[in-house]
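Remarks on the overall topology
So you can see what is in the structure, the chains are spelled out below.
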Amino acid sequence: MTAYMIRRLVQAIPTLFGITLLSFLLMMAAPGDPIDLITFQQLNATPADKARMRRQLGLDQPPLVQYVYWLIGNDWTTVDVDGDGVGEIQGTRQGFLRGDLGNSIMQKRPVFDMLMERIPATLRLTLTALLLGYAVGIPLGVLAAVKHRSWFDQFARFFSVIGNALPSFWLALILIIIFSVRLGILPISGMRDLSRQDTTFFDDLPYMIMPVIVLSMGTIASISRFLRTETLEVLSQDYIRTAYAKGLSPHAVWWKHALRNALLPVATFIGPAIGFLLSGAVIVETIFAWPGMGRLVVNAVFERDYPLIMGSVVMSAVLFILGLLVSDILYALVDPRIRLR
Amino acid sequence: MNTSTESTAQIIRLAEEEFKSRSLWQDALIYLWRDRLTMLAIVILVFLTLLSLFGPPLAQHFFDLDPNRTSVLDKYALPGEKDYLLGADQLGRDQFVRLMIGGRVSLSIAYAASILSITIGVALGIIAGYYGGVIDDLFVWLITTLTSIPSMFLLLIAASIWSPSPPVLIIILALLSWVETARLVRGQVFSLRERDFVMVAYSVGTPPWRIMTTHLIPNLLPIVIVNLAITSGSLILAESGLSFLGLGVQPPTSSWGNMLTNSRTYFAKGVHLVMWPGILISLSVMCFYLVGDGLRDALDPRTLRGQTVTGSGTISAKA
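Here the structure is a predicted model, which means the values were calculated and not measured. (Residues numbered from 1 in each chain as written. Chains lettered and ligands numbered in written order. Predicted model: local features only at pLDDT ≥ 70, side-chain atom pairs only at ≥ 80, totals over all residues. Heavy atoms only, no water.)

1. Some thoughts on the environment of B:Y111
All names here are of chain B.
- Tracing the sequence through the fold places Y111 in helix α4 (residues 95-131).
- Residues Y111 and T231 lie 120 residues apart in sequence; the distance between their C-alpha atoms is 9.0 Å.
- Those residues in contact with Y111 that sit more than four places away from it in its chain are T49 and F288. (Helix = DSSP H or I, 4+ residues; strand = E, 2+ residues; numbered from the N terminus. Contact = heavy atoms within 4.5 Å.)

Dropping the structure here:
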C-alpha cells in the first residue's frame, strides 16, 4: 500500500510541473506591461523608477530565467538593480515551490496569504456539496437500478439529465426568488450574519443551504447516473443469480451482495467531482457572495490582477490533484486489486 | 442427401434475406427513428436553431420588431402585455426578439466551438494513438495537465488574457474542451491500429496520413458525432456561465447568459426576464445531451443486438 501511495505521489510531479509551466506561459501571454499595472496608481513613477523596478523584479531577464525565478525564487542570487551588469542586492523572492506566489497588484499583499484566507470557505462549500452529492446520488442511483424501468427509474434518469443541464446561476436565481424574496426564509447571500460576532454553526447553517444545493446538483446527477449503470451491470452477473438461486431475499441480494461491488468505483469519482465542484464554486460563490476563492478570482479577473489570477489557478489545481490522489488511495484501500496494477 | 443440401441452401438464403446486410448507419437510423425522446430533442434543437436564425429578420419585416428599440413606458412589461409576447426587459426592449438574437449568439458559439473542439480532439487523438511512443507520452502529459486544472479557472484565465468577443470565445472554448474527445479517439485508434485492415494498409506502404484519413477516421465517426452533440451542450453551459459573470459575450450583443447578468437587480420587477433565458439554456443543453445519448445508443452495435444498454455518464470517471 505504501509503495502504491509513493508511486501515485511521484506520478503527480510531472503534472504539477506541467501546471506551473502552463500558468507561467499564460502569464507571459497576458497583454500589457506588468510594470504599468503595478505603477498604475503611482503617477509620480519616472521611467528610471520603472526600469529599476523591472530589474528588481527580474522582468528584464529571458523567459526561462523568469520561470526559474518564479518557480524556485531568486534569493540564492544577486539582483542587478542599476543595470551596470553587477549584482548589488540579494534576491528576495521565495518562488512557488516555497509558497511564494508573488504579490497581488491591487491589494499589495502576498497572494498566498490572500488565498489561504479564502480556501477554508471554498472547502466548506465544496466538501459539503460533495457529501450531499454522495448522500443523495447513491440511493438515487441504486434504487433506479433495482427498480429498473419503473417510474422511479424514469424519474432518476430524467433527473440525471436535467441536473447536468441546468445552469447553476439560473437555478440559484430561481431559489433566491422563491426562498429569499417570496418566502423570506433563507438569507439571500453571504456566509454568516455579519452584524453578530458569536455565531454558532447552527446560525450559519441557513446561509449554506442554497449554495450547497445548487453546487451539489451536478454531482448528484452524475453519481446517480454512474451508479445506476454500475449497479445494473453488477445485477446481471452470475454471483447475483447464484445468490437468488440460494433463496436469498431480493433485499439481501441488493444491499449485501450487489451494492458492495457497485459502490467500489464510486470512490474514483471523488477526484473528478472535486474538480467540477471547484469550477462550480466560482459561479455559486459569485451569486451568493460567498467569501471563497472563486469570488476572489472573478474579482481578480476584472481587475487584471495577474499574480492573483495565476496564484488561484495553480492553487485550485493543487487542490484538485490532492482530491484525485485521495480518491485513488481510497479506491486502492477498498479494492485491493488496484494496488497491483 | 439432396433434399437436405437444398433445404440448407434455402435456410441460408432465408437467413440472408432476414439479416440482409444493413450497414451500421442504416441500423442506426432505424434505431434512432424509433427512439421518440431523441427525435423530439432533435426536433426542438432544429426548431430553436431555425428560430434564432430566421426569427429576428422575419419579426422585423412582418411585425416591425426591432431588438434594440427601447421604450421607457414599456419597461418590465409582462408577457402578453402591450403586444409583447414574452414581455419587455429593463429598457423596454422586446424580450422575444432579444431571446432569438441571444440564441443566435449562444447557439452559433456552441456549434462553431464544438466543431473546432472535435477537430482538434480527433487530430491530436489520432496522432497520439497512431504513433504512440514519445509522442503519446507527451500527449498524455498534456491532457493530464489540462484536466488537472478545474475548467472554470482555465476559462477565467483565458478570458482575462484575451478580451472576449464571440470569435475569441469560440477559440477559447474549443481549446479547453477537446480533451475528452481526444482521449476517446486515442483509445479507439489504439485498438484500430491492431486490426487487419490497418496492418495490411501499413504493410503495402500506405503513407500514415492516408491510413488516418481513409482507414481510421471513418471508424471514428460514431465517437465524433456523439461527442459533437455532448460538447455542444456543455459549451452552451460554459459560454452562458462566462457571459453571466460578465467575462463572455459583452453587451450590447446579447447572449442567453448575459441576459441574466443583471437579473439580480430586477427580478423583483420582472420574473419573466429571469425565467426565459434560463429555460432556453436548460432546454437546449438538455436536448444536446439527450441527442448525444440517443446517438451513442444508436451507433453502439451492442444496442442493436438487443442487449440492455444503460449508457455511461456524460462525465465518466477516470480509470
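From this point, things continue past the structure.
2. Re the domain arrangement of chain A
Residues and elements named next belong to chain A.
- Parsing chain A into structural domains produces domain 1 (32-100) and domain 2 (112-334).
- Opposite the four residues of domain 1 that make contact, domain 2 presents four residues.
- Across the interface of domain 1 and domain 2, roughly 320 Å² is buried in total on both sides, 85% from carbon and sulfur atoms.
- Between the two partners, domain 1 and domain 2, sit zero salt bridges.
- Linking domain 1 with domain 2 are zero residue pairs in polar contact (both at pLDDT 80 or more).
- Grouping the amino acids of the side of domain 1 that touches domain 2 by side-chain chemistry returns three nonpolar, one polar and no charged. (Domains from an automatic or database assignment. Buried area = accessible area lost by both parts, 1.4 Å probe. Salt bridge = Lys/Arg side-chain N within 4 Å of Asp/Glu carboxyl O. Polar contact = N/O pair within 3.5 Å; in protein donor to acceptor, adjacent residues only side chain to side chain. Nonpolar A, V, L, I, M, F, W, Y, C, P; charged D, E, K, R; others polar.)

3. Topic: helix α10 (residues 208-245) of chain B
Residue and element names in this part refer to chain B.
- Over its 38 residues, α10 runs only 45 Å from end to end, short of the ideal 56 Å by more than 12%, given 1.5 Å per residue.
- Maximum bend of α10: about 50°, positioned at I217, with proline P218 one to four residues after it.
- Following α10 by one or two positions, G246 adopts a phi angle in the positive range, close to 90°. (Expected span 1.5 Å × (residues − 1). Bend = angle between axes of the 7 residues up to and from the residue.)

4. Thoughts on the confidence of the model for chain B
Residues and elements named next belong to chain B.
- Looking at chain B as a whole, its pLDDT mean stands at 78, while 78% of the residues score no less than 70.
- In this model, residues 304-319 is a region of pLDDT below 50 whose contacts with residues beyond four sequence positions or in other chains number 34 contacts.
- Scoring of the predicted complex yields 0.82 for pTM and 0.82 for ipTM. (pLDDT = per-residue confidence, 0-100.)

5. Some remarks on the packing of α4(B) against helix α5 (residues 133-147) of chain B
Residues and elements named next belong to chain B.
- Where α4 contacts α5, the axes come no closer than 7 Å and their chain directions differ by 135°. In this view, α4 runs oblique relative to α5, as classed from their interaxial angle. Where α4 crosses over α5, the handedness of that crossing is left-handed. Together, L124, G125, I127, A128 and Y131 of α4 and G133, I135, D136 and F139 of α5 make up the contact between the two elements.
- Looking at the contact of α4 with α5 residue by residue, the class counts come to six nonpolar, two polar and one charged. (Axes fitted to C-alpha atoms, helices over the stretch in contact; angles between N-to-C directions. Parallel < 35°, antiparallel > 145°, perpendicular 65-115°, else oblique. Left-handed = near helix turned anticlockwise from the far one by under 90°.)

6. Brief notes about the environment of A:K50
Residues and elements named next belong to chain A.
- Topologically, K50 is positioned in helix α3 (residues 47-56).
- Relative accessible area serves as the criterion here: at 26%, K50 is assigned to the partly exposed category.
- For the pair formed by K50 and I35, sequence separation is 15 residues and the distance between their alpha carbons is 6.7 Å. (Buried < 20%, exposed > 50% of the residue type's maximum accessible area, 1.4 Å probe, protein only.)

7. Observations regarding the interface of chain B and chain A
- Residue-level contacts link 50 residues of chain B with 61 residues of chain A.
- For the chain B and chain A pair, buried surface summed over both sides reaches about 4800 Å², with 77% attributable to carbon and sulfur atoms.
- Taken together, chain B and chain A are joined by one salt bridge.
- Among the ionic pairs, B:D293 bridges to A:R225, the shortest N-O distance being 2.8 Å.
- At the junction of chain B with chain A, the criterion picks out five residue pairs in polar contact (both at pLDDT 80 or more).
- Those elements giving two or more residues to the side of chain B that touches chain A turn out to be α5, α6 (151-161), α10, α11 (263-266) and α12 (271-299) of chain B.
- With 13 residues, α12(B) is the single largest residue contributor to the side of chain B that touches chain A.
- In terms of residue class, the side of chain B that touches chain A is made up of 28 nonpolar, 18 polar and four charged.

8. What about unusual backbone geometry?
All names here are of chain A.
- Of note in the backbone geometry, A289 takes a positive phi value of approximately 50° without being a glycine.
- By the secondary structure assignment, A289 is in the loop between α11 (270-287) and α12 (293-302).
- Look at A289 and you get partly exposed, because its relative accessible area is 26%.

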